[in-house]
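The primary structure of each chain is shown beneath.
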Amino acid sequence: VEVAQKAAKAAASLPGLRDALEAFDHCDLKRGARNLVFSDGQPGARVMIIGEAPGREEDLQGKPFVGRAGQLLDKMLEAIGLSRAESVYITNVLPWRPPQNRDPLPAEIAMLTPFLERHVALAESDILVLMGNISCQAVLGKRGITRLRGKWDQAWTKPVIPMFHPAYLLRQPSQKRLAWADLLELKARLASLS
Ligand code: URA
């Protein structure tokens, strides 16, 4: 993890951080992945969304949240007037797809979190949205999304709000009601900032 901390710290810009990940050879996930999935959306946007890891589509295209979960994410954002291209910046805890989309291992999360923390600092968003348990684990060091969701917390000098992951909402559509409440909470906070 120390080598990750050093590499992440040395990156002075978002392209520099991307290069640092491309050059980082201490994570086995990289060897199984087709592409590095770094980010999408607008660097500097007020909202930064942090998902879990690339799936099949994301691995193929090299972009986060472009599969089914991503389509739902786009709709969730649109519902509160946010456009993916202009008003948010999107990344994941892991930049490489785990084999067969298995859950990330604690050691993988620990190794890649220094890069995420640097990513957050360089992106300069005002608010972090944590999608699901893995993201809460990496950023807050906490799990239990059902308890954490919709409640503002603080990490890495930013206000953060955990939400249900869109992939979970695809499996449990009845939980969309709660996700909607959380989106409205985010919208209200954004309105109070401007
Ligand atoms: N799920 C995620 O957490 N991230 C993606 O990029 C796609 C699906």
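Residues numbered from 1 in each chain as written. Predicted model: local features only at pLDDT ≥ 70, side-chain atom pairs only at ≥ 80, totals over all residues.

Put simply, the rule reads: UniProt positions are given in the numbering used here, feature names are shortened, and annotations may be inferred rather than shown by experiment.
The name given to the protein chain in an unreviewed UniProt entry is Type-4 uracil-DNA glycosylase, with the source organism recorded as Leisingera caerulea. Comment text from UniProt for the protein chain, heading Sequence similarities (unreviewed entry), reads "Belongs to the uracil-DNA glycosylase (UDG) superfamily. Type 4 (UDGa) family." Heading Catalytic activity (unreviewed entry) of the UniProt record for the protein chain holds this comment: "Hydrolyzes single-stranded DNA or mismatched double-stranded DNA and polynucleotides, releasing free uracil."

**Section: the overall build of the protein chain**
Put simply, the rule is: A helix here means a DSSP run of H or I that spans at least four residues, while a strand means a run of E at least two residues long, and both kinds are numbered starting from the N terminus. Two things to know: the radius of gyration comes from C-alpha atoms, and the globule rule equals 2.2 Å times the number of residues to the power 0.38. Exposure in this text rests on C-beta crowding, where 20 or more other C-beta atoms within 10 Å of a residue's own make it buried, 12 or fewer make it exposed, and counts in between make it partly exposed. The C-beta atoms are placed from the backbone.
When helices and strands are tallied, the protein chain shows 10 helices and six strands. Against the 2.2 N^0.38 benchmark of 16 Å for 194 residues, the protein chain shows a C-alpha radius of gyration of 15 Å, consistent with a compact globule. If one aligns the C-alpha atoms of the protein chain with their principal axes, the spans along those axes are about 40 × 35 × 30 Å. Counting over 194 residues, the protein chain shows a buried share of 42%.

**Side note on the sheet that holds strand β2 (residues 47–51)**
Where strands meet in a sheet, backbone hydrogen bonds hold them as pairs that are either parallel or antiparallel. Rule in force here: Strands were regarded as paired on the criterion that DSSP finds at least two bridges between them. Contact between two residues is assigned when their C-beta atoms, built from the backbone, lie within 7 Å. A fitted line through C-alpha atoms serves as each axis, taken over the contacting stretch for helices, and the angle formed by two N-to-C directions is quoted from 0 to 180°.
Reading across from one edge, β1-β3-β2-β4-β6-β5 is the order of the six strands in this open sheet, with mixed pairing throughout. The open sheet terminates on both sides in strands that have one partner only, identified here as β1 (40–41) and β5 (153–155). Its contacts with the sheet place helix α7 (residues 132–140) against β2, β4 (127–131), β5 and β6 (158–163), and it is angled at close to 135 degrees to β4. Helix α10 (residues 176–193) contacts β4 and β6 of the sheet and is inclined by roughly 165 degrees relative to β6.

**Focus on the packing of helix α1 (residues 2–10) against helix α6 (residues 106–123)**
Filter applied, for reference: An angle below 35 degrees is treated as roughly parallel, one above 145 as roughly antiparallel, one from 65 to 115 as roughly perpendicular, and anything else as oblique. Definitions for this section: a left-handed crossing has its near helix turned counterclockwise from the far helix by less than a right angle. A right-handed crossing has that turn clockwise. Polar here means any residue other than Ala, Val, Leu, Ile, Met, Phe, Trp, Tyr, Cys and Pro, which are nonpolar, and Asp, Glu, Lys and Arg, which are charged; Gly is therefore polar.
Across the interface, α1 lies against α6 with an axial gap of 8 Å and an inter-helix angle of 15 degrees. As judged from the angle between their axes, α1 and α6 are roughly parallel. Every pair of crossing elements has a handedness; the one defined by α1 and α6 is right-handed. Together, A4, Q5, A8 and K9 of α1 and M111, L112, P114, F115, E117 and R118 of α6 make up the contact between the two elements. Tallied by class, the residues present in the contact of α1 with α6 amount to six nonpolar, one polar and three charged.

**Here's the deal with the site of the ligand**
Rule in force here: Here, nearness is defined through the C-beta atom: a residue counts as near a molecule or strand if that backbone-placed atom lies within 6 Å of it.
Inspection of the region around the ligand gives 14 residues, with G51, E52, P64, F65 and A69 positioned closest. Looking at the shell around the ligand, its residues break down into seven nonpolar, five polar and two charged.

**Side note on the confidence of the model for the protein chain**
This is how the line gets drawn: pLDDT is a per-residue confidence score from the predictor, ranging from 0 to 100.
Taken as a whole, the protein chain shows an average pLDDT of 97; of its residues, 100% reach a score of 70 or greater. Across the interfaces of the predicted complex, the ipTM metric reaches 0.92, alongside a pTM of 0.97.

**With respect to the environment of A188**
Mapping A188 onto the fold places it in helix α10. Separated by 72 residues in sequence, A188 and L116 place their C-alpha atoms 26 Å apart.

**What to know about unusual backbone geometry**
One non-glycine residue, E124, adopts positive backbone phi at about 55 degrees. Position of E124 relative to the elements: it lies in the loop between α6 and β4. Its identity as a non-glycine residue notwithstanding, W156 has a phi of 55 degrees, on the positive side. Structurally, the position occupied by W156 is in the loop between β5 and β6. For W156, a count of 13 C-beta atoms within 10 Å puts it in the partly exposed group.

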